[in-house]
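Analysis of the macromolecular model
Okay, here's what each chain looks like letter by letter:
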Amino acid sequence: MVCDFCNAPNPVWRFQARPFVVDYGSLAGASDADWAACDACRDMILANDRNGLVDRAMQIAPAIPDLAESDVRELRRWSQGLFFTHRVPCGPVPIA
């Protein structure tokens, strides 16, 4: 398992979110429920530090095949924004 925000291994937190469709041109999929987060991303989510989340993701996993870095950054900002839109307003829960 990896952090859904930055791809760091072994996330320890889970944030509840309502399901939603992810449709970014040629990249499509769905988020069916909760998002996993590492300690660093959890702290940024709780602080609503959306720029920090994108910056961390770009440091840990900067590339997506066939996408320019600027497009990867925009995709991460957009998909993480969907998480914030669909997040259930409650605190994170430890992953058992």
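Overview of helix α2 (residues 50-60)
Taken as a whole, α2 has its buried residues at Gly52, Leu53, Val54, Ala57 and Met58. Where α2 is buried, its residues contact α1 (39-46) and α3 (69-86).

Quick word on the packing of α2 against α3
The description of two packed helices rests on the angle between their axes and on the distance between the axes. Contact geometry for α2 and α3: axes closest at 10 Å, N-to-C directions at 135°. Our classification of the angle between α2 and α3 gives oblique. In this structure, the crossing between α2 and α3 has a hand that is right-handed. Facing α2, whose interface residues are Arg50, Asn51, Leu53, Val54, Asp55, Ala57 and Met58, α3 presents Glu69, Val72, Arg73, Arg76, Arg77, Gln80, Gly81 and Phe84. Considered class by class, the residues forming the contact of α2 with α3 number six nonpolar, three polar and six charged.

Some thoughts on the packing of aromatic side chains
Counting across every chain of the model gives six aromatic pairs. Between the aromatic rings of Phe5 and Trp35, the centroid separation amounts to 5.1 Å while the plane-to-plane angle is 45°, which identifies the pairing as tilted. In this pair, Phe5 sits in the segment before β1 (13-15) while Trp35 sits in strand β4 (residues 35-37), placing the two residues 30 residues apart along the sequence. For the pair Phe5 and Trp35, a shared accessibility class is recorded, and that class is buried. With a centroid separation of 5.2 Å and 75° between ring planes, the pair formed by Phe83 and Phe84 is classed as edge-to-face. Each member of the pair Phe83 and Phe84 is classed as buried. A cation sits over an aromatic face here: Arg50 above Phe84, 4.0 Å from the ring centre.

As for the side chain of Ser31
By secondary structure assignment, the location of Ser31 is in strand β3 (residues 27-31). Of note is the side chain of Ser31, whose polar atom sits 2.8 Å from the side chain of Trp35. Not counting residues up to four positions away in its chain, the partners in contact with Ser31 are Pro19, Phe20 and Val22.

Details of the nonpolar core
If you look at the biggest cluster of nonpolar residues, it comprises 20 residues, and the most contacted ones within it are Cys3, Phe5, Ala37, Cys41, Ile45 and Phe83. If you list the elements that add at least two residues to this core, you get β1, β2 (20-24), β4, α1, α2 and α3.

Quick look at the side chain of His86
Structurally, His86 is set in helix α3. Classification of His86 as buried rests on a relative accessible area of 18%. Leave out the neighbours within four places in its chain, and His86 touches Ala17, Arg18, Pro19 and Phe20.

Concerning the pattern of salt bridges
Counting across every chain of the model gives three salt bridges. Between Arg14 and Asp34 there is a salt bridge; the shortest N-O distance is 2.6 Å. Of this pair, Arg14 sits in strand β1 while Asp34 sits in the loop between β3 and β4, placing them 20 residues apart in sequence. Of the charged contacts in the structure, one is a salt bridge between Asp55 and Arg73, with a shortest N-O distance of 2.8 Å. Placement of the pair is Asp55 in helix α2 and Arg73 in helix α3, with a sequence separation of 18 residues. Assessed through its relative accessible area of 27%, Arg73 is described here as partly exposed.

Calculation notes
Residues numbered from 1 in each chain as written. Predicted model: local features only at pLDDT ≥ 70, side-chain atom pairs only at ≥ 80, totals over all residues. Heavy atoms only, no water. Buried < 20%, exposed > 50% of the residue type's maximum accessible area, 1.4 Å probe, protein only. Helix = DSSP H or I, 4+ residues; strand = E, 2+ residues; numbered from the N terminus. Contact = heavy atoms within 4.5 Å. Axes fitted to C-alpha atoms, helices over the stretch in contact; angles between N-to-C directions. Parallel < 35°, antiparallel > 145°, perpendicular 65-115°, else oblique. Left-handed = near helix turned anticlockwise from the far one by under 90°. Nonpolar A, V, L, I, M, F, W, Y, C, P; charged D, E, K, R; others polar. Phe/Tyr/Trp six-rings, centres within 6.5 Å; stacked < 30°, edge-to-face > 60°. Lys NZ or Arg CZ within 6 Å of the ring centre and 35° of its normal. Polar contact = N/O pair within 3.5 Å; in protein donor to acceptor, adjacent residues only side chain to side chain. Core = buried A, V, L, I, M, F, W, Y, C linked by side-chain atoms within 4.5 Å. Salt bridge = Lys/Arg side-chain N within 4 Å of Asp/Glu carboxyl O.

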